[in-house]
Amino acid sequence: MPETTVSDPTSLPTHLPTHVPSRLPLNTPHRFYRGGERILTFRGLEAPADFDGHRPEDWLASTTRLFAEGGDGVTVLDDGTRLPDALAADPDHWLGDAHVAAHGVEPGLLTKLLDAGERLPVHSHPDRAFAAAHLDCGHGKTEAWIVLDAEPGACVWLGFRDELPTEELAQLVGAQDDRLLAALNRIEVSPGDALLVPGGQPHAIGEGVFVLELQEPTDLSVMLEHRRFGLEEAHAFLGLTVPRALESVDRGPLTPEGLAALRRRWTDVAGAGHALPGEAAAFFRAEVLSAAPGAPATGEASFAVAVVVAGEGVLTTGTDAPHATSVARGDVLLVPHGAGPVGLDGDVTVIRCMPSA
Ligand SMILES: [Zn+2]
């Protein structure tokens, strides 16, 4: 357990945030698809007693509830405080006053580790405009995948190669066969890849792909493929009529040029830099901090889910009385804005998942 310090203990309840990062506990709600072993391996954890092979997502610093499957999803901190309650008790400390003024007391970001133990169904998420118009929700769900591990030849699918007329999309969704997947761009991935998935773009993650995922903080999905995954149609289309739900889908085409603009190699970053294409910045930021012996890296103060993706070293927070946290691949830390700038020393790479600036 990290040492607990608060600037003025008399003014804050004892469970309130500290100037040091907190290690995030495993938060793996049951999902309809298989996976989760790579999460446990990455985190260096034994399988919990309730591990049933259907724990493919670890929701990190989540203030978001599951939409379709009735579970929870909200992060509970080590001291038993639910994250939304911790944020509400001291928003400026956790999120920074500029963020609170612009976005209110929510991070506006959901970060996950996702281990696809089987191919995920083809689905899409509404963009902000559709969510506001039809779902009474201020967020859509643009997401991004930062590939941490992948079986050789593993792949993802993103965007229709050719434009699909409305009737043809409806027909493919009605048929529930393999033609929907076949109409998408198939992309082989390897560790180091990063892809932005704009709201509206249909997609699927293939078996054997392990990603760090950033999303707008909703659980709104249009499950274009649902029958073979045993999903009820009522849950597949967000409670909307099928034609209305399908209006949220980008019918393409997503061309090779369009696709290239959505891709990066996060392993190409030396020192500090962005893991994701610039278009992501309107929704969230994923900053790579990579330290090498004799070449430390630094990052600005921010609410961040810091995921150690390679190596080992020391993460330093705060300026007046800096606090050093030993870190190694698989560690997942929640760093409040109030912890101040971060420094990284050693031979280690951290990806800081942060709200949009
Ligand atoms: Zn998705």
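These remarks concern the structure in this document. (Residues numbered from 1 in each chain as written. Predicted model: local features only at pLDDT ≥ 70, side-chain atom pairs only at ≥ 80, totals over all residues. Heavy atoms only, no water.)

Here the residue pair Gly252 and Pro253 is connected by a cis peptide bond, since its omega of 5° sits within 30 degrees of zero. Considering the arrangement of structural elements, one finds Pro253 in the loop between helix H9 (242-246) and helix H10 (256-260). (Helix = DSSP H or I, 4+ residues; strand = E, 2+ residues; numbered from the N terminus.)

Quick look at the side chain of Glu143 now. Looking at the element boundaries, Glu143 is found in strand E4 (residues 143-150). Here the side chain of Glu143 touches His125 through a polar contact of 3.0 Å, side chain to side chain. In terms of polar contacts, Glu143 uses its side chain to reach the side chain of Trp145, at 2.9 Å. If we skip the residues at most four places from it in the chain, Glu143 touches His125, Leu195, Leu196, Val197, His203, Glu213, Leu214, Gln215 and Phe284. (Polar contact = N/O pair within 3.5 Å; in protein donor to acceptor, adjacent residues only side chain to side chain. Contact = heavy atoms within 4.5 Å.)

What follows covers the coordination of the zinc ion. Distances from the zinc ion to its protein donors, His123 (NE2), His125 (NE2), Glu143 (OE) and His203 (NE2), fall at 2.1 to 2.7 Å. Around the zinc ion, the 4 donor atoms are arranged such that angles at the metal cover 82 to 147°; this shape is classified as irregular. Between the donor residues of the zinc ion, the gaps in sequence give the motif H-x1-H-x17-E-x59-H. Pair noted here: His125 is in the loop between strand E3 (110-115) and helix H5 (128-134) and Glu143 is in strand E4, with a separation of 18 residues, a long-range link. Pair check on accessibility: His125 and Glu143 agree, each one buried. (Donors = N, O, S within 2.8 Å, 3.2 Å for Na, K, Ca; no water. Tetrahedral: all angles 85-135°; square planar, octahedral: opposite > 155°, others 65-115°. Buried < 20%, exposed > 50% of the residue type's maximum accessible area, 1.4 Å probe, protein only.)

Taken in spatial order, the 6 strands of this open sheet run E2-E3-E9-E4-E7-E10, and their pairing is antiparallel. A strand with exactly one partner marks an edge of an open sheet, and here the two such strands are strand E2 (57-60) and strand E10 (263-265). Averaged over all neighbouring strand pairs, the angle between strand axes comes to 20°, with direction disregarded. As paired strands, E2 and E3 are joined by 4 bridges and run antiparallel to one another. Bridge assignment links Trp59 to a residue of E3, and that residue is Lys112. (Pairing = 2+ DSSP bridges. Axes fitted to C-alpha atoms, helices over the stretch in contact; angles between N-to-C directions.)

So, on to the environment of Glu225. Mapping Glu225 onto the fold places it in the loop between strand E9 (209-215) and helix H8 (233-236). Judged by its relative accessible area of 2%, Glu225 is buried. For the pair Glu225 and Asp178, spaced 47 residues apart in the sequence, the C-alpha separation amounts to 9.1 Å. Excluding residues within four positions of it along the chain, Glu225 makes contact with Arg119, Leu120, Pro121, Val122, Gln176 and Leu180.

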